[in-house]
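So the chains spell out like this:
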Amino acid sequence: MFTRREFIGTVAAAVPALRLHGSQANEWGSPVFDLHHHMRQAAAANLAHLDGAGITKANLLTRGPVQEQVKALGALAPGRFTWFSTSDITKPEAEAQLTQAVKDGAQGFGELKFHVAADGPELRRMYALAADLKVPILVHFQEVDHFDGEGTWSTGYAKVFESILKAYPKTTFIGHADAFWANVSADYHNEAAYPSGPIARGGITDKLLGDYPNLFGDCSANSGNNALSRDPSFTPDFLKRHQNKLLMGSDCSCTDGHGAGVSQQGNPAAARLAGKCVARETLTVLKKSAPPEIFGKIVWDNAHKLLRIPQ
Ligand SMILES: [Zn+2]
Ligand SMILES: [Zn+2]
């Protein structure tokens, strides 16, 4: 955490990075919306990643009461940021905090990354609240540790998530992370965090995206990139099938939008992306695998529709 004074200082330092963006095309041939950008402490660091990677707008994932920082960043770069909020969902005050965040302008909940079951009481409360407040909920599903003692997150995806989609038809879910993406392949049984090689058709995630209008997919992180990269014969049809359900996201921690700084910290299993910008890598595989119309939906249009914001 940082003080308001420090934050304002970093805002002032960021001003030279401000440029005119709007919805003009850029190096990717389409404006780009990054659904999965964890807010960085220094305001300038947020803009450095967007500008470096050719990203027009980003959705800030934040935790706790950070309304002032979000407001300052929005004032610095008008129209370039939306935000999601999360709070410790194992605590009773989570519902009040998230309700307040939405009243203050948060467009969604996320990311929800806690050591609880995907169908446990803590997440169920959040699924119901997201429906009441009419905002999407972004959930991190992970069954395999990245390092000893990490633990698992929103567990039980493959077994229970279909029942959740059925039980909460008014909740808009955005699936993310290892278990969500590994299960594009029908032969996955929680062996590796990031399975490689050909995808067995008919995986759970592919099926759920097709069958449930309330499920969307966030392409961010090594997990999303790996699923879209591991079998080039699978990706174009997958993107075509779910062209209205997939959203570009980076979850990248590089400093400059070109892979500098520490990328994939604490996650040796994701070494394939070390030294690279996840945003650039995922935009590249999406562009290679989809015609311009579908690429434009996934990297721009779908996020605007889902978050109900003007383009
Ligand atoms: Zn995550
Ligand atoms: Zn990056």
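Shown above is the structure to which this text applies.
Just so it is clear, the structure is predicted and the values come from calculations on it, not from any experiment. (Residues numbered from 1 in each chain as written. Chains lettered and ligands numbered in written order. Predicted model: local features only at pLDDT ≥ 70, side-chain atom pairs only at ≥ 80, totals over all residues. Heavy atoms only, no water.)

(A) How the structure looks around the coordination of the zinc ion (ligand 2). Surrounding the zinc ion (ligand 2) are the protein donor atoms His49 (NE2), Cys252 (SG), Cys254 (SG) and Cys277 (SG), which sit 2.1 to 2.3 Å from the metal. Classification of the site at the zinc ion (ligand 2) as tetrahedral follows from its four donor atoms and the range of 106 to 115° in their angles at the metal. One chain supplies every donor for the zinc ion (ligand 2), spaced along it as H-x202-C-x1-C-x22-C. Here Cys252, found in the loop between strand 8 (246–247) and helix 11 (278–289), pairs with Cys277, found in the loop between strand 8 and helix 11; they are 25 residues apart in sequence, far enough to count as distant. There is no split in this pair, since Cys252 and Cys277 are both buried. (Donors = N, O, S within 2.8 Å, 3.2 Å for Na, K, Ca; no water. Tetrahedral: all angles 85-135°; square planar, octahedral: opposite > 155°, others 65-115°. Helix = DSSP H or I, 4+ residues; strand = E, 2+ residues; numbered from the N terminus. Buried < 20%, exposed > 50% of the residue type's maximum accessible area, 1.4 Å probe, protein only.)

(B) Seen up close, unusual backbone geometry. Here the bond from Gly110 into Glu111 is cis, since omega is -10°, no more than 30 degrees from zero. Here Glu111 lies in strand 4 (residues 108–112). A positive phi angle, close to 85°, is found at Ala177, a residue other than glycine. By relative accessible area, Ala177 is classed as buried at 0%. Phi is positive for Arg308, close to 50°, though the residue is something other than glycine. Here Arg308 lies in the segment after helix 12 (292–307). Look at Arg308 and you get exposed, because its relative accessible area is 61%.

(C) Up close: the side chain of His242. Looking at the secondary structure, you find His242 in the loop between helix 10 (235–241) and strand 8. The class for His242 is buried, based on a relative accessible area of 3%. In this view, His242 contacts Asp206, Leu209 and Gly210; residues no more than four positions away in its chain are not counted. (Contact = heavy atoms within 4.5 Å.)

(D) Quick peek at the pattern of salt bridges. Applying the stated rule across the entire model yields ten salt bridges. Across the pair Arg280 and Glu27 runs a salt bridge whose closest N-O atoms are separated by 3.0 Å. With a gap of 253 residues between them, Arg280 in helix 11 and Glu27 in the loop between helix 1 (4–14) and strand 1 (33–38) connect regions that are remote in the sequence. Where Lys207 meets Glu162, a salt bridge forms, and the shortest distance between an N and an O atom there is 3.9 Å. In this pair, Lys207 is assigned in helix 8 (residues 204–211) and Glu162 in helix 6 (residues 157–167), connecting sequence segments 45 residues apart. Since its relative accessible area comes to 29%, Glu162 is described here as partly exposed. Among the charged side chains, a network of salt bridges with common partners joins Glu162, Lys166, Lys207 and Asp211. (Salt bridge = Lys/Arg side-chain N within 4 Å of Asp/Glu carboxyl O.)

(E) Helix 6, seen in detail. Considered for burial, the residues of helix 6 that qualify are Tyr157, Val160, Phe161, Ile164 and Leu165. Here the buried residues of helix 6 occupy an arc of 150° about the axis, which is enough to place them on one side. The exposed set on the far side of helix 6, more than 90 degrees from its buried face, consists of Lys159 and Lys166. At its buried positions, helix 6 is contacted by helix 5 (121–133), strand 6 (173–176), helix 7 (178–182), helix 8 and strand 7 (215–218). (Arc of directions from axis to C-beta.)

(F) Up close: the packing of aromatic side chains. Here the structure, examined in full by the defined rule, presents ten aromatic pairs. Ring centres of Tyr127 and Tyr168 lie 5.5 Å apart, and the angle between their planes is 70°; on these two criteria the pair is classed as edge-to-face. Taken together, the residues Tyr127 in helix 5 and Tyr168 in the loop between helix 6 and strand 6 connect sequence positions 41 residues apart. As far as the burial class goes, Tyr127 and Tyr168 line up, both buried. A centroid spacing of 5.0 Å and a plane angle of 70° characterise the contact between Tyr127 and Phe173, whose relative ring orientation is edge-to-face. With a gap of 46 residues between them, Tyr127 in helix 5 and Phe173 in strand 6 connect regions that are remote in the sequence. In textbook terms, an aromatic cluster arises when at least three aromatic residues are bridged by ring pairs, as seen for Tyr127, Phe141, Tyr157, Phe161, Tyr168, Phe173, Phe180, Trp181, Phe234 and Phe238. (Phe/Tyr/Trp six-rings, centres within 6.5 Å; stacked < 30°, edge-to-face > 60°.)

Worth remembering: the numbers are spatial, not functional.
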